[in-house]
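Summary of structural features
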Amino acid sequence: MAVDGLACRECGQRYAAEPIFVCERCFGPLEVQYTQGDLDGREHRDRIVRGPASIWRYQDFLPVSRVPEWDLAPGYTPLVRADRLGRALGLRNLYLKNDTRNPTWSFKDRVVAVALAAARQFEFAVLSCASTGNLANAVAAHAAKAGLRAVVFIPKGLERAKVVTTAVYRPTVVEVEGTYDDVNRLCLEIGEEHRWAIANVNLRPYYSEGAKTLAFEVAEQLGWRAPDRVVVPVGSGNMFVKIHKGFEEFQRAGVIPRHTVRMTAAQAEGCGPIAAAYRENADRVLPVKPNTVAKSLAIGSPADGGYVLDLARRTGGAVESVTDGEVVDAIRLLGETEGLFTEPAGGVTIGVLRKLAAAGAIDPDEVVVAYITGIGLKAIEAVEHVVDAAVTIKPTLASFEERVLALAGT
Ligand SMILES: *Cc1c(COP(=O)(O)O)cnc(C)c1O
Ligand SMILES: [Zn+2]
């Protein structure tokens, strides 16, 4: 497929492929358009399997080209069968997409790699972003590798490790006294006045396409087919919308057979504007003020909220939310059943999956893929107060036998 400019998602108005992101006619979001090309499904699959073990194996479905000397090789993360978690939830075909295995340990490396290639194409010298934490982390790392200046904007009060793991790459970290939504509004203004590449603002049409690779990989890893259902954590809603687009594009190009994927969105109750609209059968998503342990999802005014709502309804999916307590329980359940430590976003995903399964809203035989999008190590604060303390003993066999044997259950 080749890039054929941008088009408005709302009114269809066409634009040249430039660093622009809003329709001048109706203020709708702009998206990259492609021409189909003449490869059939098998030819596409052959090209993919010969490609690198990263998102760039799906180059034909992305709007930019890989820049080898800038490449941190994001993506191509494991899809693992989750039989033990599945048993706990009563699901017989559960898979986890372990996207903690990325260069900066979250799915944001996928979108940033594509934004970075676009920044180079449009010859920007500064790479920036409005971030809830993981995006800043990825922008700083990828910009360092490319030798670009990075200036990242975050709200106050993020997890310590997210700030430190970002600062290590020597970007300028700007902490804004406000919420993520304030940070985002500021970055919109900066983008209008200054020629900066702001990954999720003026490069959003390109950046957002990187998230399609989360669908491409799952389809390939399931043996070239789409799952019955995906459960996706939602902040702005971009990842959710683009995972759907990824499955659609693979079907249209004949890479996988036609199949409806039930798009299921997971939010935290402390920031669940889309879940609230879904519950109330409303068409509009009303902004909220976030207050949740899931800081990477704390976007009170989600840019793609309306599209998430529509896709969940049209595909037979759902939008559901869980409390912070349920998020923390889900992080621990995932850890103890599957040996995988997620940040709260993944706790939201597993918490919602658990809630829907318990309510009988998911057929036990459905092939379900739950996206684990970020690592727990960057958000220790969420669980450090609830995990069991170590058992302290003297370095003697007697002390071991007295205090440990019973605990080991032998
Ligand atoms: C950013 C982020 C999300 C949400 O992505 P959106 O595209 O904003 O909906 C989910 N999980 C993690 C770990 C993130 O960093
Ligand atoms: Zn428009």
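Residues numbered from 1 in each chain as written. Chains lettered and ligands numbered in written order. Predicted model: local features only at pLDDT ≥ 70, side-chain atom pairs only at ≥ 80, totals over all residues. Heavy atoms only, no water.

1. What to know about the coordination of the zinc ion (ligand 2)
- For the zinc ion (ligand 2), the full set of protein donor atoms is Cys-8 (SG), Cys-11 (SG), Cys-23 (SG) and Cys-26 (SG), and the range of their distances to it is 2.3 to 2.4 Å.
- Classification of the site at the zinc ion (ligand 2) as tetrahedral follows from its four donor atoms and the range of 98 to 116° in their angles at the metal.
- Here the donor residues for the zinc ion (ligand 2) map to a single chain with the spacing C-x2-C-x11-C-x2-C. Here Cys-8 is found in strand 1 (residues 2-8), whereas its partner Cys-23 is found in the loop between strand 2 (14-15) and strand 3 (30-35), with 15 residues between them in sequence. (Donors = N, O, S within 2.8 Å, 3.2 Å for Na, K, Ca; no water. Tetrahedral: all angles 85-135°; square planar, octahedral: opposite > 155°, others 65-115°. Helix = DSSP H or I, 4+ residues; strand = E, 2+ residues; numbered from the N terminus.)

2. Here we look at the site of ligand 1
- Surrounding ligand 1, one finds 16 residues, the nearest of these being Lys-108, Asn-134, Gly-235, Ser-236 and Thr-373.
- Protein coverage of the free-state accessible area of ligand 1, which is 390 Å², stands at 97%.
- The class makeup of the residues in the shell around ligand 1 is six nonpolar, eight polar and two charged. (Near = heavy atom within 4 Å. Areas by Shrake-Rupley, 256 points an atom, 1.4 Å probe, with all protein chains shown as cover. Nonpolar A, V, L, I, M, F, W, Y, C, P; charged D, E, K, R; others polar.)

3. Observations regarding the packing of helix 3 (residues 108-121) against helix 4 (residues 134-146)
- In contact at an axis separation of 9 Å, helix 3 and helix 4 are set at 45° when each is read in the N-to-C sense. Judged by the inter-axis angle, helix 3 sits oblique to helix 4. Viewed along their axes, helix 3 and helix 4 form a crossing whose handedness is right-handed. Across from Lys-108, Asp-109, Val-112, Ala-113 and Leu-116 in helix 3, the residues of helix 4 making contact are Asn-134, Leu-135, Ala-138, Val-139, His-142 and Ala-146.
- A per-class count over the contact of helix 3 with helix 4 returns seven nonpolar, two polar and two charged. (Axes fitted to C-alpha atoms, helices over the stretch in contact; angles between N-to-C directions. Parallel < 35°, antiparallel > 145°, perpendicular 65-115°, else oblique. Left-handed = near helix turned anticlockwise from the far one by under 90°. Contact = heavy atoms within 4.5 Å.)

4. Considerations on the environment of Arg-66
- With respect to the helices and strands, Arg-66 occurs in the loop between helix 1 (41-49) and strand 4 (79-81).
- Overall, the relative accessible area of 36% leaves Arg-66 in the partly exposed class.
- Sequence separation between Arg-66 and Leu-116 is 50 residues, and the spatial gap between their C-alpha atoms is 9.5 Å.
- A distance of 2.6 Å separates polar atoms of two side chains, one belonging to Arg-66 and the other to Asp-71. (Buried < 20%, exposed > 50% of the residue type's maximum accessible area, 1.4 Å probe, protein only. Polar contact = N/O pair within 3.5 Å; in protein donor to acceptor, adjacent residues only side chain to side chain.)

5. What to know about the packing of aromatic side chains
- All told, the structure shown has seven aromatic pairs when counted by the stated rule.
- Pairing Phe-61 with Phe-216 gives two aromatic rings, centres 5.4 Å apart and planes at 55°, and the pair type is tilted. Linking Phe-61 in the loop between helix 1 and strand 4 with Phe-216 in helix 8 (residues 213-221), this pair joins segments that are 155 residues apart in sequence.
- Centre to centre, the rings of Phe-61 and Phe-250 are 5.1 Å apart; their planes meet at 70°, and the pair counts as edge-to-face. With Phe-61 in the loop between helix 1 and strand 4 and Phe-250 in helix 9 (residues 238-252), this pair connects stretches of sequence that are 189 residues apart. With respect to class, Phe-61 is no different from Phe-250; both count as buried. (Phe/Tyr/Trp six-rings, centres within 6.5 Å; stacked < 30°, edge-to-face > 60°.)

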